[in-house]
Amino acid sequence: MVTGVKKDTGSVIYMRLKKHKCPICDHVLKVKKMTRVVKASTKAAKDFDFNVCGLPLGEKVKFIWYEFRCSACGKQYTEADMKAHEKKLKREARLAKRAEKKAAKQAAQSPEAE
């Protein structure tokens, strides 16, 4: 018998309202509900937090969380994985734009020097 339930909804606005694309195949990701019942005495328990507000939930707890899933390639991503990937993409785009501006500026200055 399950003695407690712990639900992590994540950032609802980030997960539900924004469209996310798979880093591998570029298809739109869907949000999937994940559940798992974990006993506190097992090895898998080290990956889960059995406390809520400093109080233990019990020996057998049902954990509920949401992940992104690609319907094309079958890969699953956590919210943290997607945030890190999108931050990396944003940074790369910003660096590419800076390099483009710098190259355009140098090209504009080089004919004047001659």
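A short tour of the structure in this document, coming up. (Residues numbered from 1 in each chain as written. Predicted model: local features only at pLDDT ≥ 70, side-chain atom pairs only at ≥ 80, totals over all residues. Heavy atoms only, no water.)

### Topic: the nonpolar core
- Grouped together as the largest cluster of nonpolar side chains are nine residues: Tyr14, Met15, Cys22, Leu29, Tyr66, Phe68, Cys70, Tyr77 and Met82.
- Secondary structure elements with two or more residues in this core: α1 (12-17) and β5 (60-70).
- The element contributing the most residues to this core is β5, with three residues.
- In this view, Leu29 contacts His20, Lys21, Cys22, Phe68, Arg69, Cys70, Tyr77 and Met82; residues no more than four positions away in its chain are not counted. (Core = buried A, V, L, I, M, F, W, Y, C linked by side-chain atoms within 4.5 Å. Buried < 20%, exposed > 50% of the residue type's maximum accessible area, 1.4 Å probe, protein only. Helix = DSSP H or I, 4+ residues; strand = E, 2+ residues; numbered from the N terminus. Contact = heavy atoms within 4.5 Å.)

### Examining a positive patch on the surface
- Together, Lys7, Arg16, Lys33 and Lys62 make up a region of like positive charge exposed at the surface.
- Along the chain, Lys33 turns up in strand β2 (residues 29-39).
- For Lys33, a relative accessible area of 47% translates into the label partly exposed. (Patch = residues over 30% accessible without salt bridge, like charges linked within 9 Å, V, L, I, M, F, W, Y side chains within 5 Å. Areas by Shrake-Rupley, 256 points an atom, 1.4 Å probe, with all protein chains shown as cover. Salt bridge = Lys/Arg side-chain N within 4 Å of Asp/Glu carboxyl O. Lys, Arg positive; Asp, Glu negative; His and termini not counted. Charge placed at Lys NZ, Arg CZ, Asp CG, Glu CD.)

### Here's the deal with the pattern of salt bridges
- As enumerated under the stated definition, the model contains three salt bridges in all.
- We note a salt bridge from Lys18 to Glu86, for which the minimum N-O separation is 3.3 Å. With Lys18 in the loop between α1 and β2 and Glu86 in helix α2 (residues 79-113), this pair connects stretches of sequence that are 68 residues apart.
- For Lys18, a relative accessible area of 43% puts it in the partly exposed group.
- Relative accessible area serves as the criterion here: at 18%, Glu86 is assigned to the buried category.
- The partner of Asp47 in a salt bridge is Lys46, with the nearest N and O atoms 3.6 Å apart.

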